[in-house]
Amino acid sequence: MADAEYVIELTNVTRTYKLGGETFNALDNVSLSVKPGEFIAIIGPSGSGKSTLANIIGGLDRPDNGTVLVDGNDISKLHDGQLSAYRNHHIGFVFQSFNLQGNNTTMENVMLPLVFAKLSRKERNARAIECLQSVGLGDRLKHKTNQLSGGQRQRVAIARALAVKPSIIVADEPTGNLDSARGQEIMSLLHKLNKEGITLLIITHDQSLANQAHRIVEIRDGKLTGRRG
Amino acid sequence: MRFSDYVLIALRNIWRAKLRSALTIFAVVIGAMSVTIMLALVTGAKSFFLSQVEANGTLQQVAISPQQDITNFNDAQHSGGGNCSANCVKLTDDIAGKIRAVPHVVGVTRVANQGMLAAIGYNGQLLTLNQTNAYDANGIIVNNVLAGRDLNASDATGVITMTSDYADKFGFKGNYQGIIGKTVKLQTQNFYRGVGATVQPPQQCDGPCNPNNHPDDQPTTLTAQVVGIIDTSNESKSIRVPLEWMRQMQENQMYQMTAADQAANEAEQTKCQRQPGPCNPTQHFSLIVTDMLAQNGYSSMIAKVDNSKNAASAATAIKKLGVGAADASASVKQQLTVFNIVGLVLGGIGGIALAVAAVGVVNTMVMAILERTREIGVMRAVGAKRSTVRSLFTIEASLLGFWGGVIGVLAGFGLTRIANILVNKQLASQSVKAHNIIGLPLWLILAVIGIATLIGMLAGLYPAARAAKLDPVEALRYE
Ligand SMILES: Nc1ncnc2c1ncn2[C@@H]1O[C@H](COP(=O)(O)OP(=O)(O)O)[C@@H](O)[C@H]1O
Ligand SMILES: [Mg+2]
């Protein structure tokens, strides 16, 4: 792990889907470099490849071509165990539809990544409380997440993403299911985390939210088209 | 991920789909319960059988038969009597003495079983007798005495013990003590010539005739005092008489012309010839008593050895005397094999029930994985490996099997306890000592739970592999 200038470095990344004999590039020769602590907004029309890009950076998906260096290591070459550990230790995912376990408490949801990180029960509890407090839900520890509002749910999801102290948070349309006021709250929360040093990638449709980023990356038909910032 | 976390998460997921889990577990319960009950029955019957063998001292015995080619202990005991012709040696007192001298043999019982007594009567009621047993009352053959006492060496004639079914029929059910000391009648077959028979003096024949032929020969009635009632579980409808009495019953009393009679007859003949006129000389006969038991030999013998380990070698040594001999180990082994086979068959039936339950587990797990696809995606996103997902679902399926096994064993255990109580009540009403017919040893409990868990695990392998194979991106998009 060299003292890299970039925390994330995508080079000529292509992700190909085969649909009924025809091949289709969801990502087409994408190169992107992200500095540590950077806040990047990824925008583009529906189906343009935003989520595919986020998933590849987050280690949920693998490119068919190209390299994905994170802290200088090519994560596209890792085997399942290593890639899972990478997601567990370095990445916090935030999804549009929250993806919480509704019947479980906020604590249990936040502790899930810590279970896979083999923390002791005591450590898990302490860390989950800490994370829930930092997203302003210190008074909702024993609530089931399906008893919470949308904005609260997304904050639980952010607390879960924070649990393992990731270096990168990948948020795929985190405000997509929220009204604009709730959306702005979530944006402010993410912004605050970024200021504390976490590299932040946010996918959004909302131009005004995107404008809060250090840099906007626009993607169309799997190709990066514009950069600003 | 820690094992306890796997178990906790799996338990939580089982609890979450309560009804479906309960139904799946129920199927396993049925299977585990039937396996438990069936195996419990077989092991119980087996240990009951072994305890009987132990109590009888059978393993320390060698059965000796006049049939030289006998190899089975039970056949040897019941082969005697009847005609001794080919491959056959008479079991005489002389042979008994030689057997006693065989190394490790500590005693010999001579057995004479005969059917010469046809019926037993008490208080005007006459019951058919299947068999009359007689043997040396030297403690080698042990009976389970329900009332009174067993025959002992000082008994000679006029006493019997009977199996409890007779006492029942004579109206002493539940009160066997009541018939002890009572006198019963023993009715012989026709043409009985043993002790107590009134043998007619020969007809005076004028020309060729059998002077001992009495077409009107009637059964003889003997009387005996009942001294003991014996458990029916080994043999029913039989009485035991002292060996000495049996010897006397088997005696043949017959008028015969001895040399002295012959001389006397000839003397009379000569006297007649000398005398003119009609002369009707008296024929002289003597009542001769033949010991038929000594002549024909005993129906079987039982030798007791010092230690069951020496039974086989003693049997071999006894065979060298020219008689048939067999120890019980082979037939006990054979019987145990029968129990084992029955156990396998019955266990197999329960196994089929478990196999059906396994299909239920597969079905439940496939459904669970469909329902929780998105959740699997989330787990993968936050760091679960494929193998973690696989283990999680395998453990969940194993737990379905485990709970089914635990509940099934408990239910089976409960049912066998109830059955035991009923069986023992039944036995007690027949005045048979209570036994734990249905056994449920710890190994069986653990084995059934283990097998149910294993079946759950195996049933979970395929669904778990499917869950592990899911692409996390697809899983997260799954509606
Ligand atoms: N599993 C798949 N099979 C085929 N096509 C796919 C699959 N996943 C995504 N795509 C296609 O790839 C393109 C990019 O998808 P995505 O990255 O989800 O778009 P966005 O997030 O920008 O809306 C879309 O056209 C989508 O239909
Ligand atoms: Mg998308």
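Scroll up for the structure.
Sequence order sets the numbering: in each chain, residues are counted from 1 along the sequence as written. Whichever chain is written first is A, and whichever ligand is written first is 1; the rest continue in order. Side-chain atom pairs in this predicted model are given and counted only at pLDDT of 80 or more, local residue features only at pLDDT of at least 70, and totals for whole chains, interfaces and linings cover all residues. In computing side-chain values, all of the structure's heavy atoms are included and hydrogens and water are not.

## Observations regarding the overall build of chain B
- A run of H or I in DSSP becomes a helix once it reaches four residues, and a run of E becomes a strand once it reaches two; helices and strands are each numbered from the N terminus. A tally of helices and strands in chain B yields 14 helices and 14 strands.
- Each residue's exposure class comes from its accessible area (1.4 Å probe, protein chains only) as a fraction of the maximum for that residue type: buried when under 20%, exposed when over 50%, partly exposed otherwise. Looking at the 479 residues of chain B, the share that counts as buried comes to 46%.
- Contacts are assigned to residue pairs that have any heavy atoms within 4.5 Å of one another. Pairs at least 24 residues apart make up 81% of the contacts formed inside chain B by residues separated by at least 6 positions.
- Working definition of accessibility: Shrake-Rupley area with a 1.4 Å probe, residue cover restricted to the visible protein chains. Carbon and sulfur atoms make up 58% of the accessible area of chain B, which amounts to about 23100 Å² in all.

## Quick word on the overall build of chain A
- Regarding its fold elements, chain A presents 7 helices and 10 strands.
- By residue count, 52% of the 229 residues in chain A fall in the buried class.
- Across chain A, the fraction of contacts at a sequence separation of at least 24, relative to all contacts at a separation of at least 6, is 69%.
- With an accessible surface of roughly 9900 Å², chain A has 47% of that area assigned to carbon and sulfur atoms.

## Some points on the pairing of strand S14 (residues 324–327) of chain B
All names here are of chain B.
- Residue alternation in S14 divides its side chains into two sets, Gly 324 and Ala 326 and Ala 325 and Asp 327, and both sets are buried.
- Whether two strands pair comes down to DSSP finding at least two bridges between them. Where strand S1 (residues 61–65) meets S14, 4 bridges bridge the pair, whose relative direction is antiparallel. Among the inter-strand pairings, Val 62 is bridged to a residue of S14, identified as Asp 327.

## Examining the pattern of salt bridges
- Any carboxyl oxygen of Asp or Glu within 4 Å of a side-chain nitrogen of Lys or Arg constitutes a salt bridge here. Tallied over the entire structure, the rule returns 26 salt bridges over all chains.
- The residue A:Lys223 makes a salt bridge to A:Asp28 at a minimum N-O spacing of 3.1 Å. Remark: A:Asp28 occurs in strand S2 (residues 22–34) and A:Lys223 occurs in strand S10 (residues 223–228); sequence separation between them is 195 residues.
- In this structure A:Lys223 comes out as partly exposed when scored by relative accessible area, which is 43%.
- Taken together, the shared-partner salt bridges connect B:Arg16, B:Arg372, B:Glu375 and B:Glu396 into one network.

## Considering helix H4 (residues 121–134) of chain A
- Expected helix span is computed as 1.5 Å times (number of residues minus one). With 14 residues, H4(A) extends 20 Å between its outermost C-alpha atoms, agreeing within 8% with the 20 Å of an ideal straight helix rising 1.5 Å per residue.
- Here H4(A) has its buried residues at A:Arg124, A:Arg127, A:Ala128, A:Cys131 and A:Leu132. The arc that holds the buried residues of H4(A), viewed along the axis, is 130 degrees, so those residues lie on one side. Structural note: H4(A) exposes A:Lys122 and A:Gln133 on the side pointing more than 90 degrees away from its buried face.
- Looking at the buried positions of H4(A), the neighbouring elements they touch are helix H3 (106–116) and helix H5 (150–162) of chain A together with helix H1 (3–16) of chain B.
- A:Gly136 sits one or two positions beyond H4(A) and adopts a positive phi of about 80 degrees. This arc is taken over the directions from the axis of the helix to the C-beta atoms.

## Brief notes about the interface of chain B and chain A
- Across the boundary between the two partners, chain B contributes 23 residues, which contact 26 residues of chain A.
- Joining two parts hides part of their accessible area as seen by a 1.4 Å probe, and the buried area is that hidden amount summed over both. Counting each side, the surface lost to burial between chain B and chain A is near 2200 Å², with a carbon and sulfur contribution of 53%.
- Taken together, the links from chain B to chain A amount to 5 salt bridges.
- The partner of B:Arg380 in a salt bridge is A:Asp80, with the nearest N and O atoms 3.2 Å apart.
- Pairs of N or O atoms are called polar contacts if they sit within 3.5 Å, as long as, within protein, a hydrogen donor faces a hydrogen acceptor (for residues adjacent in sequence, only side-chain-to-side-chain pairs). Remark: the boundary between chain B and chain A carries 14 residue pairs in polar contact (both at pLDDT 80 or more).
- Contributing elements (two or more residues each) for the side of chain B that touches chain A: H1, helix H11 (373–381), helix H12 (386–429) and helix H14 (472–477) of chain B.
- Here the nonpolar group is Ala, Val, Leu, Ile, Met, Phe, Trp, Tyr, Cys and Pro; Asp, Glu, Lys and Arg are the charged ones; every other residue, Gly included, is treated as polar. When grouped by side-chain class, the residues that make up the side of chain B that touches chain A number 11 nonpolar, 3 polar and 9 charged.

## A few points about the side chain of B:Gln253
All names here are of chain B.
- Tracing the sequence through the fold places Gln 253 in strand S11 (residues 252–256).
- Accessibility expressed as a relative area gives 12% for Gln 253, which makes it buried.
- Beyond its immediate sequence surroundings of up to four residues, Gln 253 is in contact with Arg 193, Gly 194, Val 195, Gly 196, Ala 197, Val 199, Leu 287, Ile 288 and Val 289.

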